[in-house]
Amino acid sequence: MAGFMQELWESIFTPGTTPTLLVATNATFACLQLVLLLLLVATYSIHFVILSFLCCGLWWAINWFAAELKVAQVKEAKEKARSERAAAVQNSGDSDTEVEAAFIPKSKPTSGSTEVEVTEQARDLKLRAEPSSSSGTKSSVSTEDEWEKVSENENEKDK
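Residues numbered from 1 in each chain as written. Predicted model: local features only at pLDDT ≥ 70, side-chain atom pairs only at ≥ 80, totals over all residues. Heavy atoms only, no water.

Undergrad: Kindly report on the overall build of the protein, identifying the contributing residues and their values.
TA: For the protein, the helix and strand inventory stands at four helices and zero strands. A total of 159 residues make up the protein; the buried ones form 8% of that total. Accessible area of the protein: about 15,100 Å², with a carbon and sulfur share of 61%. (Helix = DSSP H or I, 4+ residues; strand = E, 2+ residues; numbered from the N terminus. Buried < 20%, exposed > 50% of the residue type's maximum accessible area, 1.4 Å probe, protein only. Areas by Shrake-Rupley, 256 points an atom, 1.4 Å probe, with all protein chains shown as cover.)

Next up, the structure:
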């Protein structure tokens, strides 16, 4: 019993389901069903029948999930073994050179135009005056101006 409890404690920290954890889960649900049956016999309350059905559904769902997880793990292990074998076969070739396969499209793309449209630049645009080097960059000057405007507005509201 002490060995089972130790394995159960260690299985809590192991990812996935372990046989020890499933045995403990099934034993717990069996005990819960027994308690619900005894309470039903003692009280004749329909609530314990409903709770028993809910318990059965949860018990079945947990076991189903554990079985599906095991099937997925087996499938993943097979895929990993297959990919490792394929890599070993590929690496065991006699060639000492590496060859990279080039991508060759099967057909030409049909979307897009083959003609180039030329647009004229607008001649009405004017460049901004360069700020002096002592006043800072363009962004810092405009930001400082904005802060000055905000502080002036706040001063006017306070008056």
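Structure shown, so let's carry the discussion forward.
Undergrad: Lay out the pattern of salt bridges with the relevant residues and their values.
TA: Applying the stated rule across the entire model yields two salt bridges. One salt bridge in this structure joins E79 and R82, with 2.9 Å as the shortest N-O distance. One end of the pair, E79, and the other, R82, are both in helix α3 (residues 46-91), three residues apart, so they sit about a helical turn from each other. Take E79: its relative accessible area is 40%, and that puts it in the partly exposed class. Two residues, K149 and E146, come together in a salt bridge whose shortest N-O distance is 4.0 Å. A residue pair is termed a helical-turn pair when its members lie 3 or 4 positions apart in one helix, as K149 and E146 do in helix α4 (residues 138-158) at three residues. Look at K149 and you get partly exposed, because its relative accessible area is 48%. (Salt bridge = Lys/Arg side-chain N within 4 Å of Asp/Glu carboxyl O.)

Undergrad: How would you sum up the packing of helix α2 (residues 19-43) against α3? Please name residues and give values.
TA: In contact at an axis separation of 9 Å, α2 and α3 are set at 170° when each is read in the N-to-C sense. The orientation of α2 relative to α3 falls into the category roughly antiparallel. Where α2 approaches α3, its residues L22, T25, N26, F29, A30, L32, Q33, L36, L39, L40 and T43 are matched on the opposing element by F48, V49, L51, S52, C55, C56, L58, W59, I62, N63 and A66. Each residue belonging to the contact of α2 with α3 can be placed in one class, and the counts come to 16 nonpolar, six polar and no charged. (Axes fitted to C-alpha atoms, helices over the stretch in contact; angles between N-to-C directions. Parallel < 35°, antiparallel > 145°, perpendicular 65-115°, else oblique. Contact = heavy atoms within 4.5 Å. Nonpolar A, V, L, I, M, F, W, Y, C, P; charged D, E, K, R; others polar.)

Undergrad: Let's hear about the packing of aromatic side chains: which residues, and what values?
TA: Inspection of every chain in the model, using the stated rule, returns three aromatic pairs. Aromatic pair W9 and F13: ring centres 5.4 Å apart, planes at 75°, arrangement edge-to-face. Between F29 and W59, the aromatic rings sit 5.8 Å apart at their centres with planes inclined by 15°, giving stacked as the arrangement. Placement of the pair is F29 in helix α2 and W59 in helix α3, with a sequence separation of 30 residues. (Phe/Tyr/Trp six-rings, centres within 6.5 Å; stacked < 30°, edge-to-face > 60°.)

Undergrad: Residue-level account of a negative patch on the surface, with values.
TA: Negative charge collects at one region of the surface, where E144, D145, E148, E152 and E156 lie side by side. Inspection of the secondary structure puts E156 in helix α4. Residue classification places E156 among the exposed positions, given a relative accessible area of 57%. (Patch = residues over 30% accessible without salt bridge, like charges linked within 9 Å, V, L, I, M, F, W, Y side chains within 5 Å. Lys, Arg positive; Asp, Glu negative; His and termini not counted. Charge placed at Lys NZ, Arg CZ, Asp CG, Glu CD.)

Undergrad: Describe unusual backbone geometry, listing the residues and the values that go with them.
TA: Despite not being glycine, Y44 shows a phi value in the positive range, around 55°. Mapping Y44 onto the fold places it in the loop between α2 and α3. A residue is classified by how much of its surface remains accessible, and Y44, at 72% relative accessible area, is exposed.

Undergrad: Hey, could you go over a nonpolar patch on the surface for me, with residue numbers and the actual values?
TA: Taken together, the side chains of L34, L37, L38 and V41 present a nonpolar region at the surface, about 390 Å² in accessible area. Locating V41 in the fold gives a position in helix α2. For V41, a relative accessible area of 52% corresponds to the exposed category.

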